[in-house]
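The lines below spell out each chain.
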Amino acid sequence: MKRVIEEFVAFISRGNVIDLAVGVIIGGAFTSVVNSLVNNVITPLISFLTGGTPEVGGLTLVLGGQELNFSAFIGDIISFLITALAVFAIIKAMNAAAELKELAAKKAGLAKEAEEKPEPRTCPFCKQEIADDATRCPHCTAKLEGYVNPQETA
């Protein structure tokens, strides 16, 4: 029994289980935000633009005493599409904000690197950028110690 408890503690303590729990909690909170956006902003806006509440009615079929309500199904599909559109818009805005933040951080990092980095070394013959520890230019093959031009020795 003790081994089972130890295995359970090890399982529950793993990062992916904790991450999953946090994801479920955040997902629940995010659901209320999306529902509020759809119910309090998007649906009233659609009602205003169309002149009434967006509803699909009159599409029912009775089979063997059971009612098939296609109206409710179509309404749920429309609600799903509106919710999916709202989630898409929110995620797109969050991604754009993250990209702007990343770009600003990159610019700050590049500016810092430019301040710290010395001027790159260039070959005195072909003027191409070379590694600081190079003894021969990879572009024109000039020997860099003593700067002997290979065109003059050929």
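Residues numbered from 1 in each chain as written. Predicted model: local features only at pLDDT ≥ 70, side-chain atom pairs only at ≥ 80, totals over all residues. Heavy atoms only, no water.

Draft legend 1. Structural detail: the overall build of the chain. Counting its regular elements, the chain contains 4 helices and 4 strands. The order of α-helices and β-strands along the chain, N terminus first, is α-α-β-β-α-β-β-α. Burial analysis of the chain (154 residues in total) assigns 9% to the buried set. Long-range pairs, those at least 24 residues apart, make up 18% of the contacts in the chain with a sequence separation of at least 6. For the chain, the exposed surface amounts to about 12500 Å²; the carbon and sulfur share of it is 63%. (Helix = DSSP H or I, 4+ residues; strand = E, 2+ residues; numbered from the N terminus. Buried < 20%, exposed > 50% of the residue type's maximum accessible area, 1.4 Å probe, protein only. Contact = heavy atoms within 4.5 Å. Areas by Shrake-Rupley, 256 points an atom, 1.4 Å probe, with all protein chains shown as cover.)

Draft legend 2. Region of the structure containing the pairing of strand 1 (residues 60–63). As defined by bridge partners, strand 1 adjoins strand 2 (residues 66–69) across 4 bridges and the pair is classed as antiparallel. Bridge assignment links Leu61 to a residue of strand 2, and that residue is Leu68. Between the antiparallel neighbours strand 1 and strand 2 lie 2 residues, among them Gly64 with a positive phi of about 55°. (Pairing = 2+ DSSP bridges.)

Draft legend 3. Structural view of a negative patch on the surface. A contiguous patch of negative charge on the surface is contributed by Glu119, Glu129, Asp132 and Asp133. Structurally, the position occupied by Asp133 is in the loop between strand 4 (129–130) and helix 4 (150–153). (Patch = residues over 30% accessible without salt bridge, like charges linked within 9 Å, V, L, I, M, F, W, Y side chains within 5 Å. Salt bridge = Lys/Arg side-chain N within 4 Å of Asp/Glu carboxyl O. Lys, Arg positive; Asp, Glu negative; His and termini not counted. Charge placed at Lys NZ, Arg CZ, Asp CG, Glu CD.)

Draft legend 4. Structural view of unusual backbone geometry. Positive phi, normally seen in glycine, also occurs at Lys127, with a value near 65°. Within the element layout of this structure, Lys127 appears in the loop between strand 3 (121–122) and strand 4. In this structure, Thr141 takes a positive phi of about 65° despite not being glycine. Tracing the backbone shows Thr141 in the loop between strand 4 and helix 4. With relative accessibility at 43%, the residue Thr141 sits in the partly exposed group.

Draft legend 5. Just the pattern of salt bridges, in detail. Tallying each qualifying case throughout the model produces 1 salt bridge. Ionic pairing is found between Arg3 and Glu7, a salt bridge with its closest N-O pair at 3.2 Å. Placement of the pair is Arg3 and Glu7 together in helix 1 (residues 2–13), with a separation of 4 residues, close to one helical turn. Assessed through its relative accessible area of 62%, Arg3 is described here as exposed. Using a relative accessible area of 45% as the deciding quantity, one classes Glu7 as partly exposed.

Draft legend 6. Examining the confidence of the model for the chain more closely. Of all residues in the chain, 86% attain a pLDDT of 70 or more, and the chain-wide mean is 80. Confidence, expressed as mean pLDDT per element, reaches its minimum in the chain at helix 4 with 53 and its maximum at strand 4 with 86. (pLDDT = per-residue confidence, 0-100.)

Draft legend 7. View of the environment of Ala131. With respect to the element layout, Ala131 can be found in the loop between strand 4 and helix 4. As a C-alpha pair, Ala131 and Pro120 span 11 residues in sequence and 7.9 Å in three-dimensional space.

Draft legend 8. Main features of the nonpolar core. Within the largest apolar cluster, 6 residues are counted, these being Cys123, Ile130, Ala134, Cys137, Ala142 and Leu144. Leaving out residues up to four positions away in the same chain, Leu144 has contacts with Arg121, Cys123, Pro124, Ile130, Ala134, Thr135, Arg136 and Cys137. (Core = buried A, V, L, I, M, F, W, Y, C linked by side-chain atoms within 4.5 Å.)

Draft legend 9. Structural view of the state of the cysteines. On inspection of all chains with the given rule, the structure shows 0 disulfides. Counting only cysteine sulfurs, Cys140 is the nearest neighbor of Cys123, a cysteine outside any disulfide, at a range of 3.7 Å. Among the residues examined, Cys123 registers a relative accessible area of 0% and is labelled buried. (Disulfide = S-S within 2.5 Å.)

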